[in-house]
Structures are given as structure tokens and as C-alpha cells.
Amino acid sequence: MSGSNITEKETVKEEIESVVVRFSGDSGDGMQLTGMQFTDTAALFGNDLSTFPDYPSEIRAPIGTVAGVSGFQVHFGSKEIFTPGDSFDVLVAMNAAALKVDLPRLKNGGIILANTSGFDKKNLGLAKYPEGADPLNDSSLDNYIVHKMDISKLTKECLADSGLGTKEIERSKNMFVLGLLFWMFDKPLEHTLKFIEEKFAKKPEIANANIKTLNAGYNYCESTEIFITRFKVSPAKLPSGVYRNITGNHATAIGLVAAAEKAGLPLFLGSYPITPASDILHELSKYKANGVKTFQAEDEIAGICSAIGASYTGSLAVTTTSGPGMALKTEAAGLATMLEIPLVIINVQRGGPSTGLPTKTEQSDLLMAMHGRHGEAPLVVLAANSPSDCFSAAFEASKISIEHMTPVILLTDGYIANGSEPWRFPNEESLNSIKPNFLTSPNGSDGQILPYKRDEKLVRPWIIPGTKGMEHRIGGLEKENETGNVSYNHINHELMVNIRAEKVNKVADYIPQAKPDSGKEKAKLLVLGWGSTYGAIKTAVRELINEGKDVAHIHLRFINPFPKNLGDLLKNYDNILVPEMNKGQLLQLIRAKYLVDAKGYSKVQGLPFTTTEIKEKIKEMLS
Amino acid sequence: METVTEQNIKLTSKDFSSDQEVKWCPGCGDYSILKQAQTIFPDINVPKENIVFISGIGCSSRFTYYMDTFGMHSIHGRAAAIASGVKAANPELSVWIVSGDGDSFSIGGNHLIHALRKNFNFNYLVFNNQIYSLTKGQYSPTSEKSKVTKSTPYGSIEDPFNPAELALGANASFVSRTIDRDPKHMQAVLKRANDFKGASFVEIYQNCPVFNDGAFFIYTDKETKKEEALLLENGKPLIFGQNDEKGILILDGIKCKVVNYKEEGISPENLWIHDEKNKTKAFLLSQFINMEQDGEAFPRPFGVLYANERSVYEESMVNQIIAIKERKGKTPLGKILSGDKTWVIA
């Protein structure tokens, strides 16, 4: 740049509204931890944000290969943020494979921080770059701002006197990266310094090495001219209150804990480890001091069956899983439906069928949740729409399950389960009460026990073992109305099928009516969504409304039963678009139930919708 | 502290009989099992409302409907998994699993072995009739090889499970065998199972008069039972035979031999003395099914093959909760909601 004369250390501070950073490296490079530390700092600083951890299903895929790339994406800003971002402004590429995987979604003119030691001949080969290609030094990255530095070497130099081995030194290099990013976005180091001290309290030499490297990364920017621009992202103007950052699985877990406390019941989780649901089991296992019982079962079937057993004895019983496990639980879910006992079944959906894409997201289990039991076996189905929303979804699922004596399926998915966002958490008092319908004395004439005699909600009483004088039998065979005795009478069977269906339909009397999340109750186009597409649809619809488009957004919490007013509401819109990460499952339900000519929009790539995709589709529908 | 109320003391077997009509085939061994259970329950020192029967699917599993206790007739093979949840959630309950050879050893095999390994303090009754009865006569995992059934018209080609061996292999802490046609023996074994703290595995030889009639008659018929059945008593020598003249010796490590100790002048105390806590010996006992000497099968052991208490799942679970509670204290819900790191937006 002839003529310009930038003096030493003269950096420009640029105020920006929001930014997307993608940390990308080998599975062993610590990108998840780096991303989470950056996220926590941004959150504590007051930015609104949304994250998207995107990692391979192999724990340690071959080093340096495309299969082993682990990414963590964070979108933070001074405005409200609902998605992790369609594309990135900054890409941290620890090796050639990371660049290869993530470059396609880096914005034109975006910034690349490349660790040159990950781009040697060997790494380029492992990433399958063509012979002779050298992206950092040829012209292929001309459209981007590339900062090259040998992070491995810089870390090594910084820790030369630390007395640590090569491996441990190499492992600290993610802290150098974090230091660079903190400088670049003008963020304080305090939070991470505290984190390191706590994490390595018993290994001071490791703590010191990490602290030294973090500072070195930060100071490297101060003392070199590597970055001309420093970005400032001010705190977001969010509703006032106290916030924390939370992932979907964590929110689900504490939603269950809160529901159990509000119901005055012990919490029992029967579960078998499966990606991406296991974190709920891990989180709940920490609450033993609160009496939470977690039971790691021998298989998925035992997971749900143990929960059925616990529910039978009067616990708030839960089983957690993902698609393949859900398939195994279906027979037992039918038993719970037949017994009419409370049970919360949580399916953290992932790409299917079969083993499918274990670490990638999808919404393709909706119809299985609706119909995946033999016989006429309706139950309540609801879905969470964002990481923090998993809390209230889990709480509501528990409340309905207990108060309506029915199994409930809560659908989340890998995207919101692992993603995180700031959450203005509720205080304990603001949570609804939950009232179990226990029966401790005979409810029939002449002291008869009628386990299937119902109240006005068509709900039967919960009679638990240990209740004196209330001994009775229940089972999977069809039962006579009220007495619960085995009955093969054909008229009685139809009566019971209808009662069980009507009981679930009646839940609609106790859930909120549908209303637009954005836009009006009448518009040219309605975007109807459910589950984790919430952020992308909301952002797209809001932006289009600002551009003057006549569009609205309704997002469904309950899919069975639907809100009572949904059919009437849908009639107010000329066109209905249903974007889903499946081949049109909600679409089928909506078209079948309401006879409206809704149009679907499918994405089945193991990735969430981008805002741009939804916007383009809406524009296409409107034109 | 459990207190035995006056009312509990006064209960009779009738108090454990539900108002439902019993619908097993005439002559089914299940009638006897039901009767023996109802007979012992007034004496097992458990309040009636704390007794829970959990069954799977099969003829055996209808048992639950006929006991006037709490009960759940569940789905095929899953009784042990459901009972695990019942026991973990409420350790105070006296839980009885009722299952059959198909229910336990085929479709429910995984739950059986893990329930025994985890060692819940419950009683696991398997009615073994060596046939699928409710589905009208297919071979089961305990049917003998070459058995001709509806699904094996040319004979089964599979070797059967040996239930006692399987249970011991799964690290069961209590393994026993009894038979429908010996009521006193069954009552004694059921009482032992109830008193034992841990998963009590009880294999009950049960006659299916329709699809596998007489499979176990040699162990109870007058002419044969003394030769074919070996009644185990802890601390007593293994003696059988028409005139109690035969005994079993352990020779050369783990080799077993049947001897006529009376003729050979061997003192009974030099015979194999039954030791319920010896797992190696229990395993040997489980192998009698396959052993023979001079073309004659070894007698079939009945009674408690193995009983050795170890830590019980639900008790360990509760103890861990108590210990963590004492160390950390209960986290208030407000603290769980807020977590450790919060910030304020004004």
C-alpha cells in the first residue's frame, strides 16, 4: 500500500454489531475447549450469542485428516442473536484439513488465522491437497485476509523453560490461539485465567504453562503488527436480568431437576449412553446430593423399562436417548401408554436412519414420535426450540406427564443439545407447581379400588406400591374400563382405545394457544416451524419484515396435541411454508389434519438451516 | 424400621389370592407354584402392601394377576429391567420377578444377566418347562437337543442353556433349583430366596401338561426320585439312592465320582459336604446335568446351590447418595438454575 504510512502499533478499533468465529482444528487440538472459553468470556462481557460445536463421531480420527476436523462456531454480537451464523467472519485453521473443510463457509474477505506448522508437506498430503498445492503461499486465498504464524513454534519458545515435555507443550497451543482471539476482539483474560487455575489446581506446572501461553498469545498481538484491526463488539441490549450461558442438554437436565422439586417427587433417569444424548445422563449424575437417581442400564430397552418401574413406584421417571435407541424403546413406550403412567422420553435427534450421522443434527424422528408404537398408542409430543428452551420444554414435559398420567416424548436435536446461548434463567418461585394425582384410599363403591377410574381430564389415579390396602394389578393386556381387570371384550377395547386417545387430546385444554412469534395473525406467507429451526426462521422472518415483506412465523411447541386454535389460525395465511430438517414430516401432519396446501422445505444434510436459505425460500414463495 | 402390625400377622394364604379366575390349563405346574407362594407369604414378614410382583410374558407371567399384592404384568423379557427400576427407586419394596424359560433365557437374556450381576435384592423366579407354551409349543432355549416341536419337526439342532450355570456365570449371589411337584421343597426354597439379601435366582422345574408333559417326572415319581434327585442341604454330605446308599466324592481336584459309600465303607463325612458359599463347588453342581458315570446320569441337585451375600445395588445407590449429601449438602434449586457463572444486564 504505497503512500500509506502506518506507524508502529497503530491499530484501528472497529466497532461491529456481530461476528462469527470458527475454531477449526484436529480433534486433539482442543478446539471445543478453546471455543467454549471464548464463548464464556463473550457471554460474561454481555454479548448475546449462539454456539455450534461440530465434531466428528470418531474420538480421535487419524491426525491431520479431513475426517478428524473438529469445529466450534460462535456467533456473538451487540444485537439479539438466534443462530450460530450461516458463514464465518474469522476462521482459525490449525491445520490444512481444517482449512479445507471450513473454507467454503468463510465469508469473502474474511480473516484466516493459520497455524503454519499444520500446513507442512505432510499435513497438506493428509488433507488430500493436490501435489504441489500450498494454499497459504499460492494465490488461492487472495480473497481473504490471511494471518500466518507458526503457533506450535511460538508456543514451544514460550514454554522452553517450563520443564514440560514436548507433548504437553504442544497441547498448550490452543491457549495461544485463545490469547490471539481475546486481543483481536478486545476481551479480558480474567475468566479464562480463573478457569485454568481451577482446572489445574493440582497440577500447577500445567496451569502456569497454560497461563503463560495465553498471555503470550495476547501479547504477541500487542507487540507485533500482525493485526491492523481490532474489533469491538459491545454488550447486547438484552432484557435486563441475570444471565448464564447454557447448552441444550444441560438445560434439559436441570429442567427435569426443577420439575421433580416442584412436584415433590424423586427424580429417576434410566438411560443407556448414546450420542448426542449422553450429556443429560452425565449432568444428572452430578445431582446425587439432591436425591437424583441415575441408572445406567444394560441397554436402551432397560433404560426405558427401569424408568417405567421407577414411575410405577412414584418417581418422576425419565429416559433419554437418540434415534437408534428410540427405535428400541418403542415396545416399552407402548406399555407405558397402556399402563397410563407418567414417563418422560427424551429423544435428542441425530441424522438417521440406522447409525446414520451420530454427531450431526436432524429432525427426522417426528413421525416416529407420533406413531412409532404398535396399536393405537397416542402420547404427548413436544419439542424444544433452542438450547435454553430445553429447560422449559423438559419442565413442561414433566408437568404434563405427571398431571395427565401419560408418557410424553420430548424432541430436541444435536444442534440445540450441544449448542449454547445466554439464558435469563427463571427464579425458583416463578416456576409452575406440579400436582401428582396420588390415590391412597379406595375410589369405588364398597371400598373397591378402581385404578382406571378417571377425573374430568380423563386422568386415572396414580396408586403406588407401599400404599396400604391399595394392592392391585396392572399390565399390558387390554383392561376393563375403571377396574383395570384384563378384558378381551371387543366393545370395551374400542372404548378404551377412544378414552386413551381422548385423554391425550384433552391436553390441548391445558397448553397455550398458537400465536405468531414474528409478524401478524394474517399475512401473505406463514413460516410454520418446530424444534431447532426456530433461530434461523426467526432471524429470516424478522429481517424480511424489516424489508417490508408480508410474512409471519409461528413455531410449534406441541405437536401432539396441536394447539386448539392452530387450524383456524392457519386459514389466515395465503401460503404456508414448513421448513424442516427432514423430508416433510410436520408438513404431512399439518396437511392431513387441517387440509391446507402447505409447502415443505427440506434440508437433510446433518446441518441446521442457514438464515439465508430460509430467506431465499420465502422470497421465492412470495414472488 | 419395619414394624410387623397385628394385621400382618393374621394374614393367611387366602389374603394373597386375588379375585381373578385362574386360567392355566388343568394340571399345569403353575398352580402348585401359585399355591406355594400364597402359602409362604403370610410368614415372610413383609407388609402386604410392600410386595410387588413383576412378570414378563408367557404362561408363567400371568401369575401376577392371581396374587393379591401390587403387580405389573409387563412385556416379553423385560420384567427384570422393570424390577430394576422399581427396586432402585424404592428399596423398601419386596420385589418378585416371575418369568419363564423363553422370557428369561431368550428375549430377556440381557436383563437377566445384568440384574444378577448388579445384584438387586429381589427374587427372580423362572418357571422352566423347557418349551414355549403360550405360543403353543415351540422349542425353548432350555429344550433338549433333538427335541421335536412344532418349529423343529426334524428335531432341534441347538444345545440348551443350563440355567444354574448361566446364573453363576452372571455372578449371581444366590442360585437355587426346585420343582413344582414337591411343595414342601419349593416352599423352603422360596423362603430362603426371600430371606437372602441379594438377587435370588430360583429355577423351578414346571410341568407343561400340554406341550411337554412329564419332562421332570423322574425327579418326583416314587420309583425314580431317590435315584434321580439329589436334595442339597448346607453342611451335609451329598447322599442319594433308593436306600440313601450313594454319595458323591470329589477326587483329584474337581473330578466327581458316585460311590456306594455304604458298600465301600466310606464314612459319610468323607463325602462331598455341601458348602453354599463355595462357588467352585456350586459350578460343579451345576454341571451334574452333563455328567455321567458308567452310562448313568448324575443325580439332579435340588435346593440352594450357591448363596453368598455381597453388596446390593439399591443399598449401594442409597449409601452413595447419603455420603454425597453429607459431604456436599443438597444444592438449592436456585443455585442449580443459576450455575456458577452469571452476569447482570441492567
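About the thresholds
- Residues numbered from 1 in each chain as written.
- Chains lettered and ligands numbered in written order.
- Predicted model: local features only at pLDDT ≥ 70, side-chain atom pairs only at ≥ 80, totals over all residues.
- Helix = DSSP H or I, 4+ residues; strand = E, 2+ residues; numbered from the N terminus.
- Core = buried A, V, L, I, M, F, W, Y, C linked by C-beta atoms within 7 Å.
- Buried ≥ 20, exposed ≤ 12 C-beta atoms within 10 Å, placed from the backbone.
- pLDDT = per-residue confidence, 0-100.
- Contact = placed C-beta atoms within 7 Å.
- Pairing = 2+ DSSP bridges.
- Axes fitted to C-alpha atoms, helices over the stretch in contact; angles between N-to-C directions.
- Expected span 1.5 Å × (residues − 1).
- Domains from an automatic or database assignment.
- Nonpolar A, V, L, I, M, F, W, Y, C, P; charged D, E, K, R; others polar.

Topic: unusual backbone geometry
Residues and elements named next belong to chain A.
And step 1. The step from Thr275 to Pro276 runs through a cis peptide bond, and the omega angle for that step is 0°.
And step 2. Tracing the backbone shows Pro276 in the loop between β10 (267-271) and α10 (278-284).
And step 3. Between Gly352 and Pro353 the backbone carries a cis peptide bond, its omega angle lying at 0°.
And step 4. Looking at the element boundaries, Pro353 is found in the loop between β13 (343-349) and α13 (366-371).

Some points on the nonpolar core
And step 1. Core analysis: the biggest nonpolar cluster contains 195 residues, and A:Ile308, A:Leu410, A:Ile559 and B:Ile97 have the highest contact counts within it.
And step 2. For this core, the element with the most residues is helix α9 (residues 248-263) of chain A, which contributes 9 residues.
And step 3. If you look at the next biggest cluster of nonpolar residues, it comprises 48 residues, including A:Met31, A:Val74, A:Val177 and A:Trp183.

Structural notes on the confidence of the model for chain A
And step 1. Summary statistics for chain A give a mean pLDDT of 95 and a share of 98% for residues scoring 70 or more.
And step 2. In the predicted structure, residues 1-8 of chain A sits below a pLDDT of 50 and forms 2 contacts with residues beyond four places in sequence or in another chain.

Points about the sheet that holds strand β4 (residues 123-128) of chain B
And step 1. The sheet built from 9 strands is open, its strands ordered β17(A)-β2(B)-β1(B)-β3(B)-β4(B)-β6(B)-β5(B)-β13(B)-β7(B) with mixed pairing. Bordering the open sheet on either side are β17 (473-475) of chain A together with β7 (229-231) of chain B, each of which pairs with just one other strand. Put simply, the sheet's adjacent strands are angled 20° from each other on average, direction ignored.
And step 2. In the sheet, β7(B) pairs with strand β13 (residues 300-307) of chain B via 3 bridges, with the strands oriented parallel. When the sheet's bridge partners are listed, B:Leu231 is paired in β13(B) with B:Phe302.
And step 3. Helix α11 (residues 279-286) of chain B rests against β5 (174-179) and β13 of chain B of the sheet, and its axis sits at about 155° to β13(B).

Observations regarding helix α17 (residues 534-546) of chain A
All names here are of chain A.
And step 1. Its 13 residues give α17 an end-to-end C-alpha distance of 18 Å, which sits within 8% of 18 Å, the value for a rise of 1.5 Å per residue.
And step 2. When we look at burial in α17, the residues that qualify are Tyr534, Gly535, Ala536, Ile537, Lys538, Thr539, Ala540, Val541 and Leu544.
And step 3. Here the buried face of α17 lies against β3 (48-54), β18 (523-530), β19 (551-556), β21 (573-580) and α20 (611-622).
And step 4. Directly after α17, the chain includes Gly548, whose backbone phi takes a positive value near 90°.

Comments concerning the sheet that holds β21(A)
Residues and elements named next belong to chain A.
And step 1. Within the open sheet, the 4 strands sit side by side as β19-β18-β21-β22. Their pairing is parallel. With partners counted over all chains shown, the strands left at the sheet margins are β19 and β22 (599-602), one partner each. Each strand axis lies, on average, 25° off the axis of its neighbour in the sheet, ignoring direction.
And step 2. By the bridge criterion, 4 bridges tie β18 to β21 in an arrangement that is parallel. In the sheet register, Val527 faces β21, and the bridge partner there is Leu577.
And step 3. Set on the sheet, α17 makes contact with β18, β19 and β21; between it and β19 the angle comes to about 160°.

With respect to the pairing of strand β2 (residues 18-26) of chain A
All names here are of chain A.
And step 1. Summarising burial for β2: 8 of the 9 residues are buried, a large majority.
And step 2. Here β2 pairs with strand β4 (residues 69-77) via 9 bridges, running antiparallel. The partner of Val19 across the bridge, within β4, is Phe76.
And step 3. Of the pairings in the sheet, the one linking β2 to strand β5 (residues 88-93) comprises 4 bridges and is parallel in character. Its bridge partner lying in β5, Arg22 is registered against Leu91.

Looking at the domain arrangement of chain A
Residues and elements named next belong to chain A.
And step 1. When cut into domains, chain A gives domain 1 (12-232), domain 2 (244-423), domain 3 (445-510) and domain 4 (523-622).
And step 2. The distance between the C-alpha centroids of domain 2 and domain 4 comes to 25 Å.
And step 3. Listed as interface residues are 22 residues of domain 2 and, on the opposing side, 20 residues of domain 4.
And step 4. Elements that contribute at least two residues to the side of domain 2 that touches domain 4 include exactly α13, β14 (380-383), β15 (407-413) and α15 (414-418).
And step 5. When residues in the side of domain 2 that touches domain 4 are grouped by element, the largest group, 4 residues, is from β14.
And step 6. Looking at side-chain class alone, the side of domain 2 that touches domain 4 contains 13 nonpolar, 6 polar and 3 charged residues.

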